[in-house]
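# Observations on the three-dimensional arrangement
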Amino acid sequence: VTKLGVSMPQRILIGILAGIGLCIKPHSVFLLAIIQILSFFYTRSFSIIYSIENIIIYITGILYLTYVGMFYPEYFTLILPMAIATYSAASDQGQNIFWATTTYIVFVVSFYEFNWKNRSPYRKDIFYLTGICAAWLLHALLNNGWYYTWSPLFSMLLFVSGWMIW
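Residues numbered from 1 in each chain as written. Predicted model: local features only at pLDDT ≥ 70, side-chain atom pairs only at ≥ 80, totals over all residues. Heavy atoms only, no water.

For the rest of this paragraph, the subject is the side chain of Thr-60. Residue placement: Thr-60 occurs in helix 3 (residues 52-71). The residues contacting Thr-60, other than those within four sequence positions of it, are Gly-19, Ile-20 and Cys-23. (Helix = DSSP H or I, 4+ residues; strand = E, 2+ residues; numbered from the N terminus. Contact = heavy atoms within 4.5 Å.)

On the surface, a cluster of nonpolar side chains totalling about 630 Å² of accessible area is made up of Met-8, Ile-12, Leu-13, Ile-16, Leu-17, Ile-20 and Ile-24. Here Ile-12 is to be found in helix 1 (residues 8-24). Residue Ile-12 is classed as partly exposed on the basis of its relative accessible area of 32%. (Patch = residues over 30% accessible without salt bridge, like charges linked within 9 Å, V, L, I, M, F, W, Y side chains within 5 Å. Areas by Shrake-Rupley, 256 points an atom, 1.4 Å probe, with all protein chains shown as cover. Salt bridge = Lys/Arg side-chain N within 4 Å of Asp/Glu carboxyl O. Buried < 20%, exposed > 50% of the residue type's maximum accessible area, 1.4 Å probe, protein only.)

With that out of the way, let us pick up the pattern of salt bridges. Should the charged atoms of two oppositely charged side chains come close, the side chains can pair. Applying the stated criterion across every chain yields a total of one salt bridge. Linking Glu-53 and Arg-11 is a salt bridge whose minimum nitrogen-to-oxygen distance equals 2.7 Å. Placement of the pair is Glu-53 in helix 3 and Arg-11 in helix 1, with a sequence separation of 42 residues. Exposure class is identical for Glu-53 and Arg-11. Each is buried.

Residue position: Tyr-42 is located in helix 2 (residues 29-43). On the accessibility criterion, Tyr-42 (29% relative accessible area) is partly exposed. When the C-alpha atoms of Tyr-42 and Asp-125 are compared, they prove to be 8.3 Å apart, with 83 residues separating the residues in sequence. Tyr-42 has contacts with Lys-124, Asp-125 and Tyr-128, leaving out every residue within four places of it along the chain.

Turning our eyes to something else, we now look at the packing of aromatic side chains. Under the counting rule described, the total for this entry stands at four aromatic pairs. With 4.9 Å between their ring centres and 45° between their planes, Tyr-67 and Phe-71 make a pair best called tilted. With a gap of four residues between them, Tyr-67 and Phe-71 both fall in helix 3, about one helical turn apart. Classification of Tyr-67 as partly exposed rests on a relative accessible area of 43%. We classify Phe-71 as partly exposed; its relative accessible area is 49%. Plain terms: the ring middles of Tyr-75 and Phe-76 are 5.4 Å apart, the flat faces sit at 80° to each other, and that makes the pair edge-to-face. Taking the relative accessible area as the measure of exposure, Tyr-75 reaches 26% and is therefore partly exposed. In this structure an aromatic cluster arises from ring pairing among Tyr-67, Phe-71 and Tyr-72. (Phe/Tyr/Trp six-rings, centres within 6.5 Å; stacked < 30°, edge-to-face > 60°.)

What follows is the structure, given as structure tokens:
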């Protein structure tokens, strides 16, 4: 976001909204971590970790956990285990199988013809986007069988496929 010329108030707002989003869906913290690791490999710099957006995300997460721990301690011992059991029991295996299968097909079709030794100017970008696909795969696998968690990975693979063909 820094290199895109986004103003500081917008960057702060991005950090706040992303922090709130991670508090709502805490399992997505794996996506944040993987994207930061990929960014390090892509730029060879830890600057993403210290960006204002990420600092705000860290602070929001810490404040949220502190607030929940102080005012609703039963959340971790009663509500969270009950929610995990409910989500696990309510998954739709038919749609999950459909989305997982179509996602794997798109992955195979995307990378079957890809020349890994090609020295294209887009090679670094393709590897970065492929790494983000790995993050979305982890996101889909960590969820409790909800079919729509395959959608971001499916969309990202289509995007990477178009990037490779272009």
